[in-house]
Amino acid sequence: MSTTPAGETDRADRSGRARRRLGLAARYGTLLLMLVVMLGPIVWQFLTSIRGRTENVYDGVLPTQPTLDNYVRVAESFPILQYVGNTLVVAVLAVTSNMLFAAMGGYALSRAAWKGREVVFTVLVATLMFPFESVMISMFLTVRGMGLVDTLVGVWLPGAVSVLNIMIMRAAFLAVPKEVEEAAVLDGAGEWTRFTRVFVPSAKGALAVVCITSFMGAWDDFLWPLLVLTDSDHYTLQLGLKTLAGATTVNDQRLVAAGAMAALLPMMLFFFALQRFFFKGVGEGAVKF
Amino acid sequence: MEADTGLPHRAWWTPYLFLAPGLVMVVLFGLWPFVNTVILSFTDARILRGGGFVGLDNYRRAVADPDFWVATGNSVLYLLVVVPCLVFLPLALAVLVRAKIPGIGFFRSAFYTPVIASAVVVGLIWQWVLRSDGLVNTVFRRLHLVSEPVPFLTDSTMLLVSAMIVTVWKGLGYYMVFYLAALGNVPASLHEAAAIDGAGPVRRFFSITVPQVKPMMLLVGTLSAISALRVFTEIYILGGESGGPGGGARTLPFLIRQVGLGFAGETGYASAISILLFLLTLGFSLLGRRLTKGDEG
């Protein structure tokens, strides 16, 4: 970082090195402190989830009788696998529809000017200004009008394609050079062929971002499923966790912790396995207006 | 049409065909709900029946409704506390993890982990830290710092503060990534020049880094303000369905759900509160935009 100007004495150089080493130590110290703040609560929850049934939760930091028993018990007393199944139905629908429709919409918006493009674009951007919470009552009425209350389709449909994803795909397609498209036209490729063979393969990074964010969105959403779903058979995982926390019959924090960890750990695996694509794709598809 | 693109095979309706699924969804679940909310806000509609036009009655009622003012106060307070935290702390964190030193990738991923966790999971994790028999209270009691457990989750004000802590904790890693991108654009030569002039790290942070990332700070400020007005799940999980004792920690989205749904749901009145929430959000977005423009001009 700090460069030593030429002509300094050896002593000053040595004190500079000492100061740098001190700075590095301070940096690692701060990093470790932040690590405790950021991961501490999660680790504490995890440790609680593997504590034995007979040991006191506060007897030391590490469990004395570590066990996976709590995970088995939570799966036995709560239909957690059913919740996961319901969530996966919504998530798979959301990922598929978002990737397909956002790519198609983004393609249309990125290609040469057509009549009405500016109007459509403005309308799409305008809808980004309405916070979900301020339209959720009307959205609920619309979904109820379609007869989709208390169905997984009703949970999925309003998020089937998000405007933000259309914009991400548009930005990625804008980066495709015109020459590539012209070459494909010369080869006799029609519009759909150009879309599927030329454009989609060149926007893999942005598609990965759409895939990851729509999966995580469906997996993590709480408020909308809370409005739409009433029958606990249809609950998504996040709603199921709420009943787990609120259940007065099981006042056992180990079970709640096991449930929370069962929801978090797959998500962490999913994200950290794909994070290369995520951070790369975010840069590639940076939204430009 | 072919003339300006040089591409054949393009019928005038082709773009519409590609956009059709997206447009249908946006009209059905983006535009229409907003228009419908505006319309409903002028009616006395209930969840199980339509309503008649009542003019501004719902808005008059909101202005006179103590619950509305408690919720608005909570939402605005939330914003005023959380936004400065989420503008400055993630910047400091980004500066911290920017150094290319061994193991830094691990720290970055670790700091991003709370972002991946859902709001419900995060709520459950912190509930277990903050409950009357939770980690913090147990440690406090063993150290004889308190005789009675601190009511982190059972007092409305404390509950709100606890939820703010959770929001900031979960937002740190998210906005850290924004700042990492912005810091990448700060020329290293500026820092080197300042270091030669004898400016220490703290001084360089305030006189070089902060001015360089100011546009990003305004963006983060706007985004975190909008999401602060949307807070629901943290309070629901930490404080329960009622939103704290007597609903004292309810935010506007909390109130909208309680008023608008259920068997006695007053969709008309809830829509009026929704519009007021929208206007509040719009106000803060415009403020953010204005500050950005003023900064550029």
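Whatever comes next refers back to the structure up there.
Below: a short report on this structure.

Cut-offs applied
Residues numbered from 1 in each chain as written. Chains lettered and ligands numbered in written order. Predicted model: local features only at pLDDT ≥ 70, side-chain atom pairs only at ≥ 80, totals over all residues. Heavy atoms only, no water. Axes fitted to C-alpha atoms, helices over the stretch in contact; angles between N-to-C directions. Helix = DSSP H or I, 4+ residues; strand = E, 2+ residues; numbered from the N terminus. Left-handed = near helix turned anticlockwise from the far one by under 90°. Contact = heavy atoms within 4.5 Å. Nonpolar A, V, L, I, M, F, W, Y, C, P; charged D, E, K, R; others polar. Buried area = accessible area lost by both parts, 1.4 Å probe. Salt bridge = Lys/Arg side-chain N within 4 Å of Asp/Glu carboxyl O. Polar contact = N/O pair within 3.5 Å; in protein donor to acceptor, adjacent residues only side chain to side chain. Core = buried A, V, L, I, M, F, W, Y, C linked by side-chain atoms within 4.5 Å. Buried < 20%, exposed > 50% of the residue type's maximum accessible area, 1.4 Å probe, protein only. Domains from an automatic or database assignment.

**A short note on the packing of helix α4 (residues 66–98) of chain B against helix α11 (residues 214–228) of chain B**
All names here are of chain B.
Thinking step 1. It is at 9 Å that the axes of α4 and α11 come closest, and there the two elements cross at 140°. Crossing of α4 against α11: the hand is right-handed. Contact with α4, carried on its side by Tyr-78, Leu-79, Val-83, Leu-86, Val-87, Phe-88 and Leu-91, involves Met-217, Val-220, Gly-221, Ser-224, Ala-225 and Ala-228 of α11 and no other residues of that element.
Thinking step 2. Class assignment for the residues of the contact of α4 with α11 results in 11 nonpolar, two polar and no charged.

**Side note on the interface of chain B and chain A**
Thinking step 1. At the junction of the two partners, chain B supplies 86 residues and chain A supplies 93 residues.
Thinking step 2. The largest share of the area that chain B buries against chain A comes from Phe18(B), Phe29(B) and Trp128(B), three residues that together contribute 11% of it.
Thinking step 3. Put simply, chain B and chain A have one salt bridge between them.
Thinking step 4. Here Glu133(A) ties to Arg230(B) by a salt bridge, and the two come within 2.7 Å at their closest N and O atoms.
Thinking step 5. Where chain B touches chain A, the interface holds 11 residue pairs in polar contact (both at pLDDT 80 or more).
Thinking step 6. Top contributing element to the side of chain B that touches chain A by residue count: helix α2 (residues 14–40) of chain B, with 21 residues.

**Focus on the nonpolar core**
Thinking step 1. Met169(A), Trp224(A), Tyr78(B), Phe111(B) and Trp126(B) are the most contacted members of the largest nonpolar core, which has 185 residues in total.
Thinking step 2. Take this core: its biggest share by element is 14 residues, from helix α8 (residues 156–183) of chain B.
Thinking step 3. Taken together, domain 1 (10–70) and domain 2 (79–284) of chain A each give at least three residues to this core, which thus spans both.
Thinking step 4. Residue contacts for Tyr78(B): discarding those within four places in its chain leaves Leu160(B), Ala163(B), Met164(B), Thr167(B), Ala228(B), Val231(B) and Ile235(B).

**Some details on the pattern of salt bridges**
Here the idea is simple: oppositely charged side chains can pair when their charged atoms come close.
Residue and element names in this part refer to chain A.
Thinking step 1. This model, assessed by the stated rule, comprises 12 salt bridges over all chains.
Thinking step 2. Two residues, Arg-117 and Glu-118, come together in a salt bridge whose shortest N-O distance is 3.4 Å.
Thinking step 3. The class of Glu-118 is partly exposed, set by a relative accessible area of 48%.
Thinking step 4. Glu-191 is the salt-bridge partner of Arg-194, the closest N and O atoms lying 3.6 Å from each other. Highlighted residues: Arg-194 and Glu-191, both in helix α9 (residues 191–202), separated by three residues, approximately one helical turn.
Thinking step 5. Relative accessible area serves as the criterion here: at 0%, Arg-194 is assigned to the buried category.
Thinking step 6. The structure contains a network of salt bridges with shared partners spanning Arg-53, Asp-69 and Arg-73.

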